[in-house]
Structures are given as C-alpha cells and as structure tokens.
Amino acid sequence: MEAITCNGSVDSLPIFYLMGIPSLPKSLLLPIFFVFLLLYLLILVGNTLILLAVVEEPSLHKPMYFFLTNLSTLGILFTTTTIPKMLSLLLLGDRFLSFPACFLQVYLFHSFSCSKAFILVVMAYVSYMAICCPLHYPVHMTPQTNNALAASAWLIALLLPIPAVVQTSQMAFSNTAHIYHCFCDHLAVVQASCSDTMPQTLMGFCISMVVSFLPLLLLLLSYACILASVLRMNSQEGHSKAFSTCSSHLMVVGTYYSSIAIAYVSHKADLPLCFHIMGNVVYAILTPVLNPLIYTL
C-alpha cells in the first residue's frame, strides 16, 4: 500500500505517533494508568454480567433488556477500541500506530459511537410503546421487530463513517505524523495532515451533527409523547410504573449527552489542548462505565 506524502509524492504508508497529553507530568503516567485500567475492568465486568444476566434469566427476555444487551456489547467494543492502546501508551510509552491500525481505530470508534446513539433512540421508542400504546406493545414489539430495529441501528452506524474515513485516508501525511491525542480520533488525524483540512473538518462536523442532534431530537420527541401520556394518567400506580420504565434510560441518555457536551465545550472553548484531549477521553469512558451501575440500581 502507498500514500501521498506532504511533498506530493507517492510513498510507503506513514506511521502515526500518538502524543498523548503533552502537558501531563511523567510522574502521573502510572497513577493514571491504574485509574484507566480499573475503569476498563469495571466496564468489562459490569457489561459482561449484564449480558449473562439477561441471557440466563427468562424473566428478562423482554424488548428493553434485549436492547440493553446491545448497549452493553457496545460498551465493551467501544472501549476496547481505544483503552488498551491508551494503557500501552501510559505504561510502556508505546506511541506508534501503523496507517491501517490508526484508520481502523478511527472507523470503529465512530461506528460504535453512532450505534450507541441509535440504540438509545430505539430504547426510547420501546419506552414510548410500553407507556403510550400498552395494548399494541405485545403486537408490535415482537422478537422479529426487535432484531430488525437492532440490525438497522448497527448497519447504519457501520456505514455512516465510511466516507469520512476513506477520504481522510487519502489526505497527505508526513512519514511520521504526530497526533495530539491518546488515540486516533477523526479530527486529530485530520489535523495531523499537511493537506487542506477544511473539507474533512466540515464533513466530520456534519456527521457529528447527524449522529448527535438527530437522535437527540427523536429522544426529545419520544419523551414529550411519554410525558403527555403520563400527565393524562389519573392513578399514582401508572405514574410510578412510567417512572420505573424510563428512569434508567433517561439517566443513560443524560450521561451520554453530558459526555458529548464536555467533549464539545473542551474543543470549542479557548482551552489548552490537554482539556480537549481529556474531554474526548471522558466521552470514551464515562457512559460505558456508568451504564452497568445505572441499570443495576
């Protein structure tokens, strides 16, 4: 394989050098390594236990728990895409990534992120059907429908980042491209290029808007309908049942979009680079580590 270099010639594939958090003192590398390792183990164990509980317990074979297993699977895959390399960087100083490995990380990171957003929308739809259309719920939310909704969310998410990743891979890079991040994030890779970064930055921004705000609008619409239905209920039991149905999902949605807000503000605000990097790290870790805690309360 060959790639375009900064002088316009075609040469062997570049190597990417992860700068990590440049301002981080070396004395903090080991403590942060253990913190990230602990969080990663919590993510793996917590989400695996949820998967086993839903599979083994017949009373949990319901649509919401089916989509919860999808969310737990995504939590494991999403963090496994980035955290092992971050741990290797912190402990061993392993900062190099090959061209294919870097772009595979970019693709998987954003695909799993898209999947998470779409699965959260589907879970909101399940809550809407359970509360607003309880008589139609068993008819519409069949295993076939659940499988189709989950497969659609995964398929769209796997296809959506491909144009941005392919076009970014065709940009020009120096033989050793320095990425100011702990992993290969799309924007960080674009900024490491010596090509014109505006088109790819704009494309990444547009995809982020679609993935972040379109699902958010659908979530708000679903919960607006749920709230209207709950307000029409006269019984306290109905209110309590609706709250128990939605509370965990609302908390997960809140943590997910809070982490997005932290990453966005750290990027847009006039803050040092380390804050932007840490904002993305929070986005990569916060939701997967909190999901098992929220759903087991």
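Residue numbers restart at each chain and count upward from 1, following the sequence in its written direction. Per-residue local features are limited, in this predicted model, to residues with pLDDT of at least 70; the limit for side-chain atom pairs, both in listing and counting, is 80 or more; totals at the level of whole chains, interfaces and linings are taken over all residues. With hydrogens and water excluded, all non-hydrogen atoms of the structure serve as input to the side-chain values.

In what follows, a disulfide is any cysteine sulfur pair within 2.5 Å. Following the criterion strictly, the structure yields one disulfide and no others. Here Cys102 pairs with Cys184 through a disulfide, and the sulfurs are 2.1 Å apart. Sign of the S-S torsion, about -115° for the bond between Cys102 and Cys184, identifies this disulfide as left-handed. Here Cys184 lies in the loop between strand S5 (176–179) and helix H7 (186–191) and Cys102 lies in helix H3 (residues 99–132), a separation of 82 residues in the sequence. The burial state of Cys102 is the same as that of Cys184; both residues are buried. Here Cys132 is not cross-linked by a disulfide; its sulfur's nearest cysteine counterpart is in Cys133, at 5.9 Å. Left without a disulfide partner, Cys225 is nearest to the cysteine sulfur of Cys132, which lies 6.1 Å away. Numbered from the N terminus, helices here are DSSP runs of H or I no shorter than four residues, and strands are runs of E no shorter than two. Each residue's exposure class comes from its accessible area (1.4 Å probe, protein chains only) as a fraction of the maximum for that residue type: buried when under 20%, exposed when over 50%, partly exposed otherwise.

Here an axis means a line fitted to C-alpha atoms, over the contact stretch when the element is a helix, while the angle between two N-to-C directions is reported on a 0 to 180 degree scale. With their axes 9 Å apart at the nearest point, H3 and helix H8 (residues 198–231) run at an angle of 15° to one another. The pairing of H3 with H8 is recorded here as roughly parallel in orientation. Viewed along their axes, H3 and H8 form a crossing whose handedness is left-handed. Contacts from Cys114, Ala117, Phe118, Leu120, Val121, Ala124, Tyr125, Ser127, Tyr128, Ile131 and Cys132 in H3 reach Val211, Pro215, Leu218, Leu219, Ser222, Tyr223, Cys225, Ile226, Ser229 and Val230 in H8. Amino acids are sorted into nonpolar (Ala, Val, Leu, Ile, Met, Phe, Trp, Tyr, Cys and Pro), charged (Asp, Glu, Lys and Arg) and polar (every other residue, Gly among them). Here the residues of the contact of H3 with H8 are counted per class, giving 18 nonpolar, three polar and no charged. Under this scheme an angle from 65 to 115 degrees is roughly perpendicular, one under 35 degrees roughly parallel, and one over 145 degrees roughly antiparallel; angles in between are oblique. In a left-handed crossing the near helix is turned counterclockwise from the far helix by less than a right angle, and in a right-handed crossing that turn is clockwise. By the convention used here, residues are in contact when the closest approach between their heavy atoms is within 4.5 Å.

In this section: the side chain of Ser222. With respect to the helices, strands and loops of the structure, Ser222 is situated in helix H8. Using a relative accessible area of 13% as the deciding quantity, one classes Ser222 as buried. Apart from the residues within four sequence positions on either side, Ser222 is in contact with Ala124, Tyr125 and Tyr128.

Of the two faces of strand S3 (residues 15–18), the one lined by Phe16 and Leu18 is fully buried and the one lined by Ile15 and Tyr17 carries no buried residue. Strand pairing is assigned whenever DSSP identifies at least 2 bridges connecting the two strands. Inspection of the sheet shows S3 paired to S5 by four bridges, in the parallel sense. Paired with Phe16 across the two strands is Ala177, which belongs to S5.

Confidence scores per residue from the predictor, reported as pLDDT, run from 0 to 100. Confidence in the prediction for the protein averages 83 pLDDT; 91% of positions are at 70 or higher. Across the protein, element-level confidence peaks in helix H5 (residues 143–159) with a mean pLDDT of 92 and bottoms out in strand S1 (residues 2–4) with 54.

What follows is about the packing of aromatic side chains. A ring pair, where both rings are aromatic, is described by two values, the distance of the centres and the angle of the planes. Two rings from Phe, Tyr or Trp (for Trp, the six-membered ring) form a pair when their centres sit within 6.5 Å of each other. Planes less than 30 degrees apart are called stacked, planes more than 60 degrees apart edge-to-face, and all others tilted. The final tally for this structure, using the stated rule, is twelve aromatic pairs. When the centroid spacing of 5.1 Å and the interplanar angle of 70° are considered together, the rings of Phe66 and Phe67 count as edge-to-face. The exposure class of Phe66 is partly exposed, given its relative accessible area of 25%. The exposure class assigned to Phe67 is buried, which follows from its relative accessible area of 0%. Between Phe103 and Phe173, the ring centres sit 6.3 Å apart and the planes meet at 70°, which makes this aromatic pair edge-to-face. Placement of the pair is Phe103 in helix H3 and Phe173 in the loop between helix H6 (162–169) and S5, with a sequence separation of 70 residues. The exposure class of Phe103 is buried, given its relative accessible area of 7%. In textbook terms, an aromatic cluster arises when at least three aromatic residues are bridged by ring pairs, as seen for Phe16, Phe99, Phe103 and Phe173.

One open sheet holds the three strands; their spatial order is S4-S3-S5, and the pairing between them is mixed. At either margin of the open sheet sits one strand with a lone partner, and together these are strand S4 (96–98) and S5. On average, adjacent strands in this sheet sit at an angle of 30° to one another, irrespective of strand direction. As defined by bridge partners, S3 adjoins S4 across three bridges and the pair is classed as antiparallel. By the bridge assignment, Phe16 is partnered in S4 with Leu97. Against the sheet, H3 touches S3, S4 and S5, its axis set at about 90° to S4.

Within the secondary structure layout, Pro161 lies in the loop between H5 and H6. In this structure Pro161 comes out as buried when scored by relative accessible area, which is 5%. Among all residues touching Pro161, those that are not within four sequence positions of it are Tyr107, His110 and Ser111.

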